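Residue strings, one per chain:
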Amino acid sequence: MPILTVGLDGSPQSLAAADWAAREAQQREASLRLVHAWEPQPRSYAPLAGAYALPSVETEHAWAGHMLREAESRLAEHHPGLRITTLQTVGPPAAALLAAAEDADLLVLGSRCLGAVAGFLVGSVALAAVARSERPVVLVRAGEHATDEHRTDAPGSVSTGTPYRDVVLGLDLADCADAVLGFAFEAAQRRAADLRVLHGWSPPPSHGYGAAFDAGPDAEPAEQVRDRLAEVLKPWKDKFPGVRVREQAVVGSAGRHLVHASRDAALFVVGRRNRRALIGGHIGPVTHAALQHASAPVAVVPHD
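Notes on the structure in this doc start here. It should be emphasised that the depicted structure is a prediction, and the values quoted were computed from it without experimental measurement.

The rules behind these values
The numbering scheme is per chain: residues are counted from 1 as the chain's sequence reads. Local features in a predicted model are, by the rule used here, given only for residues with pLDDT of at least 70; side-chain atom pairs are given and counted only at 80 or more, and totals for whole chains, interfaces and linings are based on all residues. Note: side-chain values were computed over all heavy atoms of the structure, leaving out hydrogens and water. Counting from the N terminus, the helices are DSSP H or I runs at least four residues long and the strands are E runs at least two residues long. Buried, partly exposed and exposed residues are distinguished by accessible area as a fraction of the type maximum, computed with a 1.4 Å probe on protein chains only: under 20%, between the cut-offs, and over 50%, respectively. The span you would expect from a helix comes to 1.5 Å times its residue count less one. What the bend at a residue measures is the angle between two axes, fitted to the seven residues ending there and to the seven starting there. Here, two residues are considered to be in contact whenever any of their heavy atoms come within 4.5 Å of each other. Remark: nonpolar core denotes a set of buried residues (Ala, Val, Leu, Ile, Met, Phe, Trp, Tyr, Cys) joined through side-chain atoms within 4.5 Å.

### Thoughts on unusual backbone geometry
So, point 1. Unlike most non-glycine residues, Glu29 shows phi in positive territory, near 55°.
So, point 2. Along the chain, the position of Glu29 falls in the loop between helix H1 (12-28) and strand E2 (31-38).
So, point 3. Take Glu29: its relative accessible area is 65%, and that puts it in the exposed class.
So, point 4. For Ala192, which is not glycine, the phi dihedral falls at a positive 55°.
So, point 5. Mapped onto the elements of the fold, Ala192 is located in the loop between helix H5 (178-191) and strand E10 (195-201).
So, point 6. Its relative accessible area of 70% is what places Ala192 among the exposed residues.

### Quick look at helix H6 (residues 222-239)
So, point 1. With 18 residues, H6 extends 27 Å between its outermost C-alpha atoms, agreeing within 8% with the 26 Å of an ideal straight helix rising 1.5 Å per residue.
So, point 2. Of all the bends found along H6, the most pronounced is centred on Leu233 and spans about 35°, while Pro235, a proline, follows it within four residues.
So, point 3. For H6, the set of buried residues is Val225, Leu229, Val232, Leu233 and Trp236.
So, point 4. Taken together, the buried residues of H6 touch H5, E10 and strand E11 (245-251).

### Quick look at the nonpolar core
So, point 1. One finds Leu32, Leu195 and Val269 to be the most contacted residues of the largest nonpolar core, which totals 53 residues.
So, point 2. What Val269 contacts, discounting residues up to four positions off in sequence, is Val167, Val168, Leu169, Gly170, Val180, Phe183, Ala184, Ala299 and Val301.
So, point 3. Core analysis: the next-biggest nonpolar cluster, separate from the first, contains 32 residues, Val35, Val130, Leu198 and Val270 among them.

Here you go:
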């Protein structure tokens, strides 16, 4: 059975991530693993006591166990039949979460919310996990609710009974990875949602955005870009005939357009190329913009 792993620390954003992961697990007919990662802190000096105080491992273990059990009970109540397991692990949080997700299909983490317009505030743990993960990572903002993924009905109300909003994919035509395309199409198919595909491109500096021009070495005419986008998407449309696709080639950086599109999205999908660096990982500018400013949950799909 597929597994979805979610990092829990008791914060509102991690609980929102657990709720999102539970809904996703049911859609995928997968099990859910709740993980709390704790890194022991060094001894700290307590002046009044005149001694060094070490945070109690037993206290942390007991608190984490209680927090995980409460989350498990709440999720089981709202998602009958969902198989849920819990895990406590010790070590640097990002590394511990990645290790706990090695056999998972998806790692889901919470991200602090700056507000309805500003979107995400991504912490160091989430950024490290996104940069180093070998499987897709979804970041969910605090305050995310199931109804946020759905469209409003005719009277203007929204519920989980209305259709899903679009799945939005930011696609780089110079780096069209099957893993990213497959993830986006499958997400749209599971939700019976439209897939909106955006590709950002730039004309030569000497021409205006709306001008027709001959293709230069570093840019393509608008018609050629649209044809290339249609060519890349055609086999995926054939493979997923039930998914309605709307593609759009936009002039300028894709990041700004994608962030705007995320305001009416159920899920926002971007890719991240795996770079085997000696230290840490790398997140590209479009992915970084999505993580910092997108309004919808963001799925970052690594690929070679």
